[in-house]
Amino acid sequence: MPSNPSNPQTDELSEVETDLVHVARLALASNSSHAQVTLRRLARRYRDRRPALASDLVMLLRESPLRSSAGRATVMAEPIDTESRLPLVREEEHVVLSVEPVLDTETNASLQQLLREYRMPEPLLEAGIAPTRTALFTGPPGVGKTLAARWLARELGVPLIVLDLSTVISSLLGRTGNNLRKVLDYAKSTKSILLLDELDAIAKKRDDVTDVGELKRLVTVLLQEVDSWPGGSLLLAATNHPELLDPAVWRRFELLVEFPLPEPEKLAAAIQRYLDGNEIGNETLSMLAQLYVGSSFNDVEREVMRARRAAVLDGTSIEQALFQIAQIRIRTLPAAQRGRFVAEIIRSTGMSQRRASEMTGVSRDTIRKYMANQSSSSAKREEIGDAG
Ligand SMILES: Nc1ncnc2c1ncn2[C@@H]1O[C@H](COP(=O)(O)OP(=O)(O)O)[C@@H](O)[C@H]1O
Ligand SMILES: [Mg+2]
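Residues numbered from 1 in each chain as written. Chains lettered and ligands numbered in written order. Predicted model: local features only at pLDDT ≥ 70, side-chain atom pairs only at ≥ 80, totals over all residues. Heavy atoms only, no water.

Chemist: Quick one: what's the story with empty space enclosed by the protein, residue by residue and with numbers?
Modeler: Per the stated rule, a full pass over the model turns up 2 cavities of 30 Å³ or more. One number sums up the size of the largest cavity: a volume of about 80 Å³. If you trace the largest cavity, you find it lined by V102, L103, D104, T107, V143, F259, P260, L261, P262, E263, K266 and F297. Each residue belonging to the lining of the largest cavity can be placed in one class, and the counts come to 8 nonpolar, 1 polar and 3 charged. (1 Å grid on protein atoms, 1.4 Å probe; cavity = no way out; pocket = protein on both sides within 12 Å on 5 of 7 lines; lining within 4 Å. Points joined across faces, edges and corners; volume = space filled by probe spheres on them. Nonpolar A, V, L, I, M, F, W, Y, C, P; charged D, E, K, R; others polar.)

In structure tokens, the structure reads:
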């Protein structure tokens, strides 16, 4: 039967068929970097119409090393380690995020301004000011430093080149010392964002006495680069341990962006993103957000994904699965913290003590005691304040 060209379903199917053949051809030719670029493009194309398919593709792409020099008229070859012949950088030609970052207000303001500077450089240049060339991201692990770099690259539509110092530092030291130079020249040769990730790896390596001279040389080269980074491309660096960095390193960067541990409201927003359209009640969401105060986004994402898997395997709802994980976590909280946690839920949601007790499994007695303690101590503070 001839297919009806105006039938949108048939159209879509034939589009998928064409894509499938294209990907198959690349796979059979073992052209993995080109296949990655194509799959990334498909993930974007299907994001709205076939979200499940798009997210499957994104997961697959995440599992394979992100590296591609195809699809771009590269002037320079991707830099590789002279000795091992392995790539020194991880490159994302077209960034596809599986989750949009949830950002702290101040962090967001800094990054939004950075975007504006790159999107409309003309007024700045007319005023004789260059857009920010270098920025240092600091904060604990798992709060979105690497994610934010990827997000910036996607927003600006440029490739992201990542030099992860925690994995390649040894390649940057030693006799084959021009590996670093290769990476920097490569990044400068193309309109891109270069991320020096896990910068503190350099400081940690300091204990390794044999490398001290080499390390100094590496730091010197890096600092010179930060100083002389050309306008037009952005140099980012990220560290989990800013205190390990020499103040001389800090001072070199034009912009410092802090990524704090998330507040409960940000955690709630992130949990909703990780649920990917699966809904849970507001009370459960508030409880979880309070429960994970002090955790990173990454930790919370892991817990939500665990609950989603458990829900599928056990045939329960995700809310129930999350609830079960939460109950275990609550039981292991130290008593005082458990009391504070429940009091905070009651304060932030306005739910009754009875309801809070049902949800958390903390006895009403404990809750009453804690609330009474709290109000008497705040009353005491007021008295002292009044007297003074
Ligand atoms: N701000 C955030 N918003 C949403 N998800 C986040 C955020 N920060 C981290 N995550 C989740 O945790 C993962 C790891 O975060 P990452 O950016 O690598 O942390 P960092 O570089 O600060 O150690 C991300 O890929 C994302 O899934
Ligand atoms: Mg990181």
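Chemist: Could you give me a rundown of unusual backbone geometry, with the residues and numbers involved?
Modeler: Within the chain, E198 stands out as a residue other than glycine whose phi angle is a positive 55°. Of note, E198 is situated in the loop between β4 (193-197) and α9 (200-204). With relative accessibility at 24%, the residue E198 sits in the partly exposed group. Its identity is not glycine, yet D276 carries a phi of approximately 55°, on the positive side. Among the secondary structure elements, D276 is positioned in the loop between α12 (264-275) and α13 (282-291). Accessibility expressed as a relative area gives 52% for D276, which makes it exposed. (Helix = DSSP H or I, 4+ residues; strand = E, 2+ residues; numbered from the N terminus. Buried < 20%, exposed > 50% of the residue type's maximum accessible area, 1.4 Å probe, protein only.)

Chemist: How would you sum up the sheet that holds strand β1 (residues 90-92)? Please name residues and give values.
Modeler: Read across the open sheet, the 6 strands follow the order β1-β3-β4-β5-β2-β6; overall the sheet is mixed. Single-partner strands in this sheet number two, and they are β1 and β6 (255-258). Across this sheet, the average inter-strand angle for adjacent strands is 20°, counted without regard to direction. Two elements, β1 and strand β3 (residues 160-164), share 3 bridges in a ladder whose sense is antiparallel. (Pairing = 2+ DSSP bridges. Axes fitted to C-alpha atoms, helices over the stretch in contact; angles between N-to-C directions.)

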